[in-house]
Amino acid sequence: GTLKRIDASYVGGGNLVKLTQAYSTTDTGSLNVDSIFTSAYTAYRLVLVAKPVNSDVHLTFRWRDGGSDLSVGQYYASARGGYVNGSGAGAQSFSDWAQSTTKLADSVNNNNYNGFNIDALLRPYNNTGVGNYSSVDNTSTIIWHCNYWADASPERQEQVSGGSTYTQTSVPDGFTISFSSGDIDSYSYSVFGYKG
């Protein structure tokens with residue numbers, strides 16, 4: 001029946017801090033997350049589920065700074081994974097070289113029972129604070145894993161993992177995600193910051 005005192009270091013807090021989250025079922029052209037990166041965190045984690053209005057669209061990612069996309073053609077990325085459909089299984093891969101955006105997923109379907117899901121590690125370039133790796137890496141990096149229903153013939157369950165670097169030494173304070181054509185029909189996301 002005795003309530004013992006617990007050291008505050010064991011309650012709440014921790015090294016993974018939720019910075020923002022949002023949910024909507026209203027069409028939107030893109031998800032712009034601005035002014036979220038600071039020198040207090042070494043990296044960030046994005047967890048997202050979304051559904052496109054259109055089918056056969058790919059999902060794209062760009063870094064942002066001051067409310068504007070960073071779109072210099074210096075995004076370099078590769079992704080590889082696999083798929084399965086009623087006829088069997090196979091491999092999937094795609095890449096970007098000196099592009100103005102990074103492709104995170106290819107030919108996403110807009111069906112009602114399998115949204116686009118992504119789990120990503122973001123490490124924006126930073127030249128101050130605990131996130132300053134400028135002596136090691138002068139790029140902004142995203143590493144991701146995603147799962148989605150692909151608009152192929154026949155339709156298929158697909159998953160890919162990839163990595164992308166943006167070789168500009170701009171210091172991003174946010175990012176944007178959109179589909180290559182049409183709006184985002186609905187979405188739910190959270191962004192976490194890693195301390196230390």
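For the structure itself, consult the block above.
Summary of the structure given here. What you see is a predicted model; the values in this text were computed from it and never measured. (Residues numbered from 1 in each chain as written. Predicted model: local features only at pLDDT ≥ 70, side-chain atom pairs only at ≥ 80, totals over all residues. Heavy atoms only, no water.)

### Observations concerning the overall build of the protein
Step number 1: Secondary structure summary: the protein contains zero helices and 13 strands in total.
Step number 2: In sequence order, the secondary structure elements of the protein are arranged as β-β-β-β-β-β-β-β-β-β-β-β-β.
Step number 3: Projecting the C-alpha coordinates of the protein onto the three principal axes gives extents of approximately 60 × 55 × 30 Å.
Step number 4: Counting over 196 residues, the protein shows a buried share of 41%. (Helix = DSSP H or I, 4+ residues; strand = E, 2+ residues; numbered from the N terminus. Buried < 20%, exposed > 50% of the residue type's maximum accessible area, 1.4 Å probe, protein only.)

### Overview of the environment of Leu16
Step number 1: Structurally, the position occupied by Leu16 is in strand 1 (residues 16-24).
Step number 2: For the pair formed by Leu16 and Ala43, sequence separation is 27 residues and the distance between their alpha carbons is 9.7 Å.
Step number 3: Apart from the residues lying within four places of it in its own chain, the contact partners of Leu16 are Phe192, Gly193 and Tyr194. (Contact = heavy atoms within 4.5 Å.)

### Some details on unusual backbone geometry
Step number 1: Here Ser153 and Pro154 are connected by a cis peptide whose omega angle stands at 5 degrees.
Step number 2: Tracing the backbone through its elements, the reader meets Pro154 in the loop between strand 10 (140-150) and strand 11 (156-166).
Step number 3: Look at Ser35: it is not a glycine, yet its phi comes out positive at around 55 degrees.
Step number 4: Within the secondary structure layout, Ser35 lies in the loop between strand 2 (31-33) and strand 3 (43-52).
Step number 5: According to the relative accessible area criterion, Ser35 is exposed, its value standing at 62%.
Step number 6: A positive phi is found at Ala98, a non-glycine position, where the angle reads about 55 degrees.
Step number 7: If you trace the backbone, Ala98 turns up in strand 7 (residues 88-99).

### A look at the pairing of strand 7
Step number 1: Judged from the 10 bridges that link them, strand 6 (residues 75-85) and strand 7 form a sheet pairing that is antiparallel. Its bridge partner lying in strand 7, Tyr75 is registered against Gln99.
Step number 2: Here strand 6 hands over to strand 7 after two residues, the two strands then running antiparallel side by side. (Pairing = 2+ DSSP bridges.)

### Some thoughts on the nonpolar core
Step number 1: If you look at the biggest cluster of nonpolar residues, it comprises 39 residues, and the most contacted ones within it are Leu46, Leu48, Trp63, Leu122, Trp144, Tyr148 and Phe175.
Step number 2: The element that contributes the greatest number of residues to this core is strand 10, accounting for five residues.
Step number 3: Apart from the residues lying within four places of it in its own chain, the contact partners of Phe175 are Leu31, Asn32, Val33, Phe37, Leu46, Phe61, Arg62, Trp63, Arg64, Leu122 and Val191. (Core = buried A, V, L, I, M, F, W, Y, C linked by side-chain atoms within 4.5 Å.)

### Remarks on the side chain of Arg156
Step number 1: Mapping Arg156 onto the fold places it in strand 11.
Step number 2: When its relative accessible area of 16% is taken as the criterion, Arg156 is described as buried.
Step number 3: Separated by 2.7 Å, the side chains of Arg156 and Glu158 make a polar contact.
Step number 4: For Arg156, the residues in contact, after removing those within four places along its chain, are Tyr83, Val84, Asn85, Gln92, Tyr148, Trp149 and Ala150. (Polar contact = N/O pair within 3.5 Å; in protein donor to acceptor, adjacent residues only side chain to side chain.)

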